[in-house]
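The chain contents come next:
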Amino acid sequence: SDSKLFKTAPGPGRLPLYEGKMIHQFESGLTEPRFWLVEADARKKLAGRDGDSGQDLGYGRSRLGIRAIGRSTDSRTLIVGPIPPNSFCGNSLLVSKLSRHDETFLPALQAILNSFVFDYWIRQTVSANLNMFFIMQVPVPRIAVTDKSFGPITNRAARLICTTPDFDDLAKSVGLRSHKDGAIDTAERAQLRAELDGLVAHLYGLSESEFTHILSTFPLVQDAVKVDAHNAFRRVASGLIQ
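Residues numbered from 1 in each chain as written. Predicted model: local features only at pLDDT ≥ 70, side-chain atom pairs only at ≥ 80, totals over all residues. Heavy atoms only, no water.

Caption draft 1: Representation of the sheet that holds strand β8 (residues 88-89). Strand order in this open sheet of four strands is β1-β5-β2-β8, and the pairing throughout is mixed. The open sheet has two free edges, formed respectively by β1 (6-7) and β8, since each of these has just one partner strand. Looking at chain direction, strand β2 (residues 14-18) and β8 are connected through two bridges and run parallel. Counterpart to Leu-17 in the pairing with β8 is Phe-88. Running over the sheet, helix α1 (residues 39-47) touches β2, β5 (36-38) and β8 and is turned about 80° from β5. (Pairing = 2+ DSSP bridges. Helix = DSSP H or I, 4+ residues; strand = E, 2+ residues; numbered from the N terminus. Contact = heavy atoms within 4.5 Å. Axes fitted to C-alpha atoms, helices over the stretch in contact; angles between N-to-C directions.)

What follows is the structure in structure tokens.
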């Protein structure tokens, strides 16, 4: 219903519209935007009856987006990726509404939502379309800044997310210097993801046999990826990953 606001080219005062296909797990900007919106017009639409008084409407900071299309037959059902500041989102994305104070939880939350454990749970109920009704039914470990697992999970997830200058503010909020601390090497990213899956599985209190079963339910995921996650689970248990 807002398509009349969409412009097909960038221009002064216009910000990009993010769509589901533009993100993947821990990644954004996979394709170029198709549409842009005049910021002033979009602000009026977002503000609604309250009117635009210059209030914080959320689009000016980092957020996380969830693809609204998620099939249980895909290699991964739940796709959660970072949304950069100063961008709007279409209805193919479910978008977080965390306050600026809670921004430091974004990396850890993405790590949990992108884990094999969370995805396993979602796959039991979703057939093709995702909405927050499904997301809100899945248990999420309560993780606080003071928990010993918060730093290791946040650092790894932030290094996966913060690979462009758009995410410098987010990087600094969680202890990185800038996007230059981000991981862009394919092998390093794979290792970080495996370690995150191991750490998150332990957050859920799973046994090794339970985690092995979960991994076995992803037939389209490469065996090497599942082996790496399984080995990471063991290293976390032995204290080699902290």
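Caption draft 2: Examining the sheet that holds strand β9 (residues 93-95) more closely. Strand order in the open sheet formed by three strands is β7-β6-β9, with antiparallel pairing between adjacent strands. Single-partner strands in this sheet number two, and they are β7 (80-83) and β9. With strand direction ignored, the average angle separating the axes of adjacent strands in the sheet is 35°. Of the pairings in the sheet, the one linking strand β6 (residues 63-67) to β7 comprises four bridges and is antiparallel in character. Note that in β7 the partner of Leu-64 across the bridge is Pro-82. Helix-sheet contacts for helix α2 (residues 106-113) involve β6 and β7, and the interaxial angle to β6 is about 20°.

Caption draft 3: Quick peek at the packing of aromatic side chains. What the rule picks out here adds up to six aromatic pairs. Seen from their ring centres, Phe-6 and Phe-35 are 5.3 Å apart, and the 35° between their planes marks the pair as tilted. With Phe-6 in strand β1 and Phe-35 in the loop between β4 (27-28) and β5, the pair connects residues that are 29 residues apart, well separated along the chain. For Phe-35, a relative accessible area of 19% gives the class buried. Geometrically, the ring pair formed by Phe-116 and Phe-218 is edge-to-face, given 5.0 Å between the ring centres and 70° between the ring planes. Placement of the pair is Phe-116 in helix α3 (residues 116-123) and Phe-218 in the loop between α8 (208-216) and α9 (223-237), with a sequence separation of 102 residues. Both residues of the pair, Phe-116 and Phe-218, count as buried. The ring centre of Phe-116 lies 4.2 Å from the NZ or CZ of Arg-76, which sits over that ring. (Phe/Tyr/Trp six-rings, centres within 6.5 Å; stacked < 30°, edge-to-face > 60°. Buried < 20%, exposed > 50% of the residue type's maximum accessible area, 1.4 Å probe, protein only. Lys NZ or Arg CZ within 6 Å of the ring centre and 35° of its normal.)

Caption draft 4: Highlighting the pattern of salt bridges. The tally for this structure, following the rule as stated, stands at eleven salt bridges. With a shortest N-O distance of 2.7 Å, Glu-19 and Arg-34 are connected by a salt bridge. With Glu-19 in the loop between β2 and β3 (23-24) and Arg-34 in the loop between β4 and β5, this pair connects stretches of sequence that are 15 residues apart. Across the pair Arg-71 and Asp-74 runs a salt bridge, and its minimum N-O distance is 3.4 Å. What makes Asp-74 partly exposed here is its relative accessible area of 25%. (Salt bridge = Lys/Arg side-chain N within 4 Å of Asp/Glu carboxyl O.)

Caption draft 5: Quick look at the packing of α2 against helix α5 (residues 150-161). It is the contact of α2 with α5, at a shortest axis distance of 8 Å, that shows an interaxial angle of 90°. By the angle between their axes, α2 is roughly perpendicular relative to α5. In this structure, α2 uses Pro-107, Ala-108, Gln-110 and Ala-111 to contact α5, whose residues at the interface are Phe-150, Ile-153, Thr-154, Ala-157, Ala-158 and Ile-161. The residue makeup of the contact of α2 with α5, split by class, is eight nonpolar, two polar and no charged. (Parallel < 35°, antiparallel > 145°, perpendicular 65-115°, else oblique. Nonpolar A, V, L, I, M, F, W, Y, C, P; charged D, E, K, R; others polar.)

Caption draft 6: The nonpolar core, seen in detail. Counting 40 residues, the largest nonpolar core has Ile-66, Leu-78, Phe-118, Ile-122 and Leu-130 as the members making the most contacts within it. Of all the secondary-structure elements, those providing two or more residues to this core are β6, α2, α3, α4 (132-135), α5, α6 (168-173), α7 (186-203) and α9. With eleven residues, the next largest nonpolar core counts Phe-116, Leu-206, Phe-211 and Phe-218 among its residues. (Core = buried A, V, L, I, M, F, W, Y, C linked by side-chain atoms within 4.5 Å.)

Caption draft 7: Spatial organisation of the packing of α7 against α9. Viewed as axis vectors pointing N to C, α7 and α9 meet at an angle of 55°, and their least axial separation amounts to 7 Å. The orientation of α7 with respect to α9, classified from their angle, is oblique. You can see that α7 and α9 cross each other, and the crossing is right-handed. Of α9, the residues touching α7 (which contributes Ala-194, Glu-195, Asp-197, Gly-198, Leu-199, Ala-201 and His-202) are Asp-228, Ala-229, Ala-232, Phe-233, Arg-235, Val-236 and Ala-237. (Left-handed = near helix turned anticlockwise from the far one by under 90°.)

These values are about where atoms sit, not about what they do.
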